[in-house]
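# Chains, contacts and geometry: an overview
Listed below, chain by chain, are the residues.
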Amino acid sequence: MITIRNFSYRFSGSERYALRDINLDIAPGEFVVLTGPSGCGKSTLALALGGFLFNQYDGEATGEVIIGGMDVRHTPIYDVAEVVGLVQQNPEAQFCTLTVQDEIAFGLENRCLPRAEILERMEWALNIVDAQHLKGRELATLSGGEKQRVAVAAMLATRPQVLVFDEPTSNLDPTATAQIFDVIARIRETEAITVIVIEHKVEYLRRFNPRWLRMEGGQLSAVSRQPSAVSRQPLVQNPKSKIQNPKSAAPLVKTERLHAGYNGHHVLRDVSVEIGPGEFVAVMGDNGSGKTTFLQCLLGLLKPAEGRVEVAGQDTRKAPVSKVAQRAAYVFQNPDHQLFAETVWQEATLAPRNFGAWNSETEALATALLDEAGLGNRHADHPYRLSYGEKRRLNLAAVLTYAPDLFLLDEILIGQDPDNAARLLEWLQARVTAGSAVVLINHAPEIAQRYATRLLFFEAGRLAVDAPIAEGFAQLARMGREVYLPSDLTGFGKPVRSGTRSTTNG
Amino acid sequence: MANTSSLAYQAASITDRVSRRATGRLRRITYQAGDSFLHRLHPLVKLAWLAGGTAALFMIQQPVGVLIVLALAGIAFPLNNLKLHRIRGLRLFAVTALLLFLTQVLLTNTETPLLQFGPLHVTAGGITRGIYTAGRLLSVILLSYLFVLTTEPNDLGYALMRAGLPYRYGFMLITALRLVPLFEQEAQTVYQAQLARGIAYDRGGLKRFFTLARQFFLPLLVSAMGKVDALAVSMEGRCFGKYPRRTFLREVAFTRQDGMALGVLVVGMVILIVLRFWIVI
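Residues numbered from 1 in each chain as written. Chains lettered and ligands numbered in written order. Predicted model: local features only at pLDDT ≥ 70, side-chain atom pairs only at ≥ 80, totals over all residues.

This paragraph deals with the interface of chain A and chain B. Chain A puts 51 residues into the contact, and the matching count from chain B is 46 residues. Among the secondary structure elements, those contributing two or more residues to the side of chain A that touches chain B are α2 (77-81), β6 (84-87), α3 (91-94), α4 (100-110), α5 (115-128), α9 (321-324) and α10 (344-354) of chain A. For the side of chain A that touches chain B, a count of residues per class yields 28 nonpolar, 17 polar and 6 charged. (Contact = placed C-beta atoms within 7 Å. Helix = DSSP H or I, 4+ residues; strand = E, 2+ residues; numbered from the N terminus. Nonpolar A, V, L, I, M, F, W, Y, C, P; charged D, E, K, R; others polar.)

Take a look at the structure:
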């Protein structure tokens, strides 16, 4: 089906090859999983398969990409699109219309199909992604998982022979992630489509018994049937912080019967929590359950509608955000939203300067942090020239420089490969050991299990679980929330099995 | 130090509140879902009524005519289950209209005054001109509100394409509709991220202003470019632009009510033109 021979590609203006000497054969109907660190060229390869690299981007290509006998490098994009469908990472960004029906019809209308056939294909595609009930909805009202299912249906409806998924679940919570992989399974059952999935979450993919490929530095580095060749190192014994729940210390965060939300609608209901120094709190829950709202309340970005929030002794209703921000750092999901300065160095030192905390000590700290982040020789570069992973490290370095007591982190590990994620988490852990507190919204149970001391689990705006991490997972297991358990607690393999469930601490 | 910094905090929190209120207000001047007569009317018929009504206002030379249009537009709100008093931006327009009226009344000074306060005269001509100018402004605004509040912009886009607008232009509108709320949300996030890092909107100076503008717009621009790339991949990957024409799943029905509404408009406009150019009103 797909033959790639000696294929290399370099974006114009870049000295580095994004793809180097790729040789790959994929048979019709094969299921291939492609993994590798962020920036390794996975997404570029996906763009090459879809033909976009040769139509939308300027660059220099050598070698061959042949799909279904068609030379993709020299074929108009519309002809490639008849064969290859690409589902992208962010469902929001790939929608072309405003309603579910218009979206699924979009690709078919462009092909000038008659109305009757559009309707027929829409039914078929909606059935496969199990989204019949969403048919009359507007896209803006859907949850993240529902959006991604509609995006998949829209692609399926065009009946491609090759379906490429580029990190289709990186913005999704575990419940929705499991649903998307179920959808992929159903596609495999009903259609003889060649499927290529780019994904970090390898545990979910084992059940497909796929061919595993790994990319590194633009090259395919391991081709194997053995998942172990691409899976992570086994986790070492929990190196958790020494100070666990120091009852004596004054709490850094204290919320009392907190209700909060937007436009008079309460997202968060009746949340009472105390977080003290030395705690590493993992916040989990479905998308829309109130996790981000909770975090926003802790910096005072959102004021309580009812109840109280105190951060480092300051009532967020009275203290302005810029004052709370000196004690509590907030890192947002998307690195691009929080790079403001013209150089890496200015970016790293922006906050201490703004807070009037700039001195030789913070200067030395900033230098050390950038060295540690692997940005020691990039001080004069513009932050936007960094890779995705580097930007993320810079985001974190930029809040570590003024040594706040509390770190509020909203899904900062999205799109980060395991190595980069581990590096960020170790930085945070060191701060926790030194007496800071971390509140991390994150969907990966393994990360919570390894690093966190405590679990907060939100369900429809209410705090459903608040317990030390092992006890927290045990509670989640009793609640039937298996997708939120680390794989060693579910008995391995993500497809949820009921009945045999372990509630002990693995 | 303590004083200046506390001032800075206050400035930042005021900016925060102002920006929240501004975005809140913007949201209120949008489509309101409903099932009234106007909601069900074909978007293009409504557009024709809006254009016709506006043209009529500029043809009518008598303030009484303007007042009639104003009254009709006003009555249309409750008739279509739209609550006038809940549209917040309207108050601003009402005040503007009132000021316009007062200026006209007080500054028109061509005949024997009805009333006189020192140098200010109130004349019959002034009142006429005041009603005429302010009424025209308010009427156009009310008519536009009627259109915007009852017409889903997305439906308008598809209706225009069905009526012959090249689909590339139609989708420009639809893409804009899709992206504007996204960008609005992102602007809010960037602003919050700035607050979190202690970027305060307090100190003045032109240089400072440009720094702030760059720090605000660069992140937005970078993320917008990423979004546009993803969208282009998604559109071309689904054959957008393959053929000069395309088919549509949507069927925008042209009902009898639409026909009648259009008929009434045409007859009304003809009568107005006759009155205006042959029998001067």
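Residues and elements named next belong to chain A. Counting buried residues along strand β3 (residues 31-35), 4 of its 5 residues qualify, which places the element largely inside the surrounding structure. Pairing of β3 with strand β8 (residues 194-198), which is carried by 4 bridges, proceeds in the parallel orientation. Within β8, the position partnered with Leu34 by the bridge is Ile198. (Buried ≥ 20, exposed ≤ 12 C-beta atoms within 10 Å, placed from the backbone. Pairing = 2+ DSSP bridges.)

Right, let's talk about the confidence of the model for chain B for a bit. Residues and elements named next belong to chain B. Summarising the model, chain B shows a mean pLDDT of 83, and 87% of its residues fall at 70 or more. Per-element confidence in chain B is highest for helix α3 (residues 43-59), whose mean pLDDT is 93, and lowest for helix α1 (residues 2-28), whose mean pLDDT is 50. In the model, residues 22-28 has pLDDT below 50 throughout and makes 6 contacts with residues more than four positions away in sequence or in other chains. Reported for the predicted complex are a pTM of 0.80 and an ipTM of 0.83. (pLDDT = per-residue confidence, 0-100.)

On to the sheet that holds strand β4 (residues 59-67) of chain A, then. All names here are of chain A. Spatially, the 4 strands line up as an open sheet ordered β2-β1-β4-β5, and their pairing is antiparallel. Lying at the two open borders of the sheet, with one neighbouring strand each, are β2 (19-26) and β5 (70-71). Here 2 bridges tie β4 to β5, and the two strands are oriented antiparallel to one another. Across the sheet, Ile67 pairs through a bridge with Met70, a residue of β5. The strands touched by helix α1 (residues 42-49) are β1 (2-11), β2 and β4; relative to β2, the strand with the most contacts, the crossing angle is about 60°. (Axes fitted to C-alpha atoms, helices over the stretch in contact; angles between N-to-C directions.)

Residue and element names in this part refer to chain A. Spatial ordering of the open sheet is given by β12-β11-β14-β15, a layout of 4 strands whose pairing is antiparallel. Each end of this open sheet is capped by a strand with a single partner; those strands are β12 (265-275) and β15 (314-315). Taken together, the 7 bridges between strand β11 (residues 253-262) and β12 define a ladder with antiparallel strand orientation. Considered in β12, the bridge of Leu258 is made with Val271.

Once that is clear, we can look at the pairing of strand β18 (residues 437-441) of chain A. Residue and element names in this part refer to chain A. Within β18, 5 of the 5 residues are buried, which leaves the element mostly enclosed by the surrounding structure. Along β18, one buried face is formed by Ala437, Val439 and Ile441 and the opposite face, lined by Val438 and Leu440, is buried too. Bridge count for strand β13 (residues 280-285) against β18 is 4 bridges, and the pairing is parallel. Bridge pairing in β18 links Val283 to Ile441. Alignment of strand β17 (residues 406-410) against β18, held across 5 bridges, turns out to be parallel. Looking across to β18, one finds that Leu406 is bridged to Ala437.

Residue and element names in this part refer to chain B. As for its placement among the helices and strands, Leu82 is situated in the loop between α4 (63-79) and α5 (89-107). According to the C-beta neighbour criterion, Leu82 is partly exposed, with 19 such atoms within 10 Å. Residues Leu82 and Gly198 lie 116 residues apart in sequence; the distance between their C-alpha atoms is 43 Å.

Residues and elements named next belong to chain A. The terminal C-alpha atoms of helix α12 (residues 388-400) lie 19 Å apart, and with 13 residues this matches the ideal 18 Å at 1.5 Å per residue to within 8%. Within α12, 12 of the 13 residues are buried, leaving the element largely enclosed by the surrounding structure. All buried positions along α12 are accounted for by Gly389, Glu390, Lys391, Arg392, Arg393, Leu394, Asn395, Leu396, Ala397, Ala398, Val399 and Leu400. (Expected span 1.5 Å × (residues − 1).)

All names here are of chain A. Remark: α12 packs on helix α13 (residues 418-433), axes separated minimally by 11 Å, with the N-to-C direction vectors making an angle of 5°. As summarised for this structure, α12 and α13 are arranged roughly parallel, according to the angle between their axes. Between α12, through Gly389, Arg392, Arg393, Leu396 and Leu400, and α13, the contact on the second element is made entirely by Asn420, Leu424 and Trp427. Along the lines of polarity and charge, the residues of the contact of α12 with α13 split into 4 nonpolar, 2 polar and 2 charged. (Parallel < 35°, antiparallel > 145°, perpendicular 65-115°, else oblique.)

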